[in-house]
Amino acid sequence: MIASVNIETLPARMRSLKIDERGYPVPWFVAWVEGKPEFRAMDPAKFKDAIKQRRCWVCGERLGVHKTFVAGPMCGINRTSSEPPNHQECALWSAKNCPFLSNPRMVRREDDLSIEIAGNVSGFSISRNPGVAMLWTTRNYDVFQMDKSGPLIQMGEPESVEWLCEGRPATRAEVQASIDSGLPNLEAVAKREKGGLEFLSKAIARFERWLPQ
């Protein structure tokens, strides 16, 4: 069935994943609703297992020394993620083949379930397609409680950062456009905290070294 959709060959670790009726592999973290995968929702039990057992968010196998987060540039600025990391090859495949990650014009379906999902995301969620995918590879991360909705992940110092857009390397202009469109949301949050804008300015300056040349 995989050959029926336009996706790249799966990495070895992902070949044991279930396949949906369209021919797409179902990531390990995805919740199942009435016998069907709901790609917009994660299984809470899988989140706990991923953290405690250091498992890849996509394939479910154990991680090694390096962990790769898939996120947008706003997560890179504040170094936080609501999703656990992956193997680098699983992250790269997802960034190239996931319809939402690889298509800047793709938007998530809005219905009662999507509203419920948004309400269960920790921290401050920016509801948009960032247009580019950031692969943040690090050796470590920490989990902390942001608010009553659940934990957030502090991504460790990166050893590399890769950028993709439409399944190919993203340009500096494409990444900058994503930053410019998302930054007002971070600024609005920073204004509520004493010293927030100063902290954000320093975070942006620290982040710039990881942008494409």
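Before reading on, note that the structure itself is shown above.
Participant: So, the state of the cysteines: which residues are in play, and what are the values?
Facilitator: One pass over the full model with this rule turns up zero disulfides. Not engaged in a disulfide, the cysteine Cys-59 finds its nearest cysteine sulfur in Cys-56; these two sulfurs lie 3.7 Å apart.

Participant: Before we move on, can you summarise the pairing of strand 2 (residues 36-42) with the specific residues and values?
Facilitator: Where strand 1 (residues 30-33) meets strand 2, four bridges bridge the pair, whose relative direction is antiparallel. Within strand 2, the residue paired with Ala-31 across the bridge is Glu-38.

Participant: Outline the environment of Trp-57, listing residues and values.
Facilitator: Counting through the fold element by element, Trp-57 comes out in the loop between helix 1 (44-52) and strand 3 (67-71). Taking the relative accessible area as the measure of exposure, Trp-57 reaches 2% and is therefore buried. C-alpha of Trp-57 to C-alpha of Val-30: the two residues are 27 residues apart in sequence and 9.2 Å apart in space. Beyond its immediate sequence surroundings of up to four residues, Trp-57 is in contact with Trp-28, Phe-29, Met-42, Lys-46, Phe-47, Ala-50, Glu-83, Pro-84, Pro-85 and Asn-86.

Participant: Just give me the short version of the packing of helix 6 (residues 172-190) against helix 7 (residues 196-207), but keep the residues and values in it.
Facilitator: At their nearest, the axes of helix 6 and helix 7 sit 9 Å apart, and the two run at 150° to each other. The orientation of helix 6 with respect to helix 7, classified from their angle, is roughly antiparallel. As for the relative orientation of helix 6 and helix 7, their crossing is right-handed in sense. Across the interface between the two elements, Ile-179, Leu-183, Leu-186, Glu-187 and Ala-190 from helix 6 touch Gly-196, Leu-197, Leu-200, Ile-204 and Phe-207 from helix 7. For the contact of helix 6 with helix 7, the class distribution of residues is eight nonpolar, one polar and one charged.

What counts, and where the lines are drawn
- Each chain has its residues counted from 1, following the order in which its sequence is written.
- Where totals are concerned, whole chains, interfaces and linings use all residues; where local detail is concerned, this predicted model gives features only for residues with pLDDT of at least 70, and gives and counts side-chain atom pairs only at 80 or more.
- Water and hydrogen atoms were dropped before computing side-chain values, which therefore reflect all heavy atoms in the structure.
- The criterion for a disulfide is a pair of cysteine sulfur atoms lying within 2.5 Å.
- In this scheme, strands are said to pair when DSSP sees at least two bridges between them.
- The helix and strand labels rest on DSSP assignments: H or I over at least four residues marks a helix, E over at least two residues marks a strand, and numbering proceeds from the N terminus.
- Residue burial is assigned from relative accessible area. The probe radius is 1.4 Å, only protein chains are included, and a residue is buried under 20% of its type maximum, exposed over 50%, and partly exposed in between.
- Two residues form a contact once any of their heavy atoms are found within 4.5 Å.
- Orientation is described by axes fitted as lines to C-alpha atoms, over the contacting stretch for helices, and by angles from 0 to 180 degrees between their N-to-C directions.
- Note on angle classes: values under 35 degrees are labelled roughly parallel, values over 145 roughly antiparallel, values of 65 to 115 roughly perpendicular, and the remainder oblique.
- A crossing counts as left-handed when the near helix is turned anticlockwise from the far one by less than a right angle, and as right-handed when that turn is clockwise.
- Think of it as three bins: nonpolar holds Ala, Val, Leu, Ile, Met, Phe, Trp, Tyr, Cys and Pro, charged holds Asp, Glu, Lys and Arg, and polar takes everything else, Gly as well.

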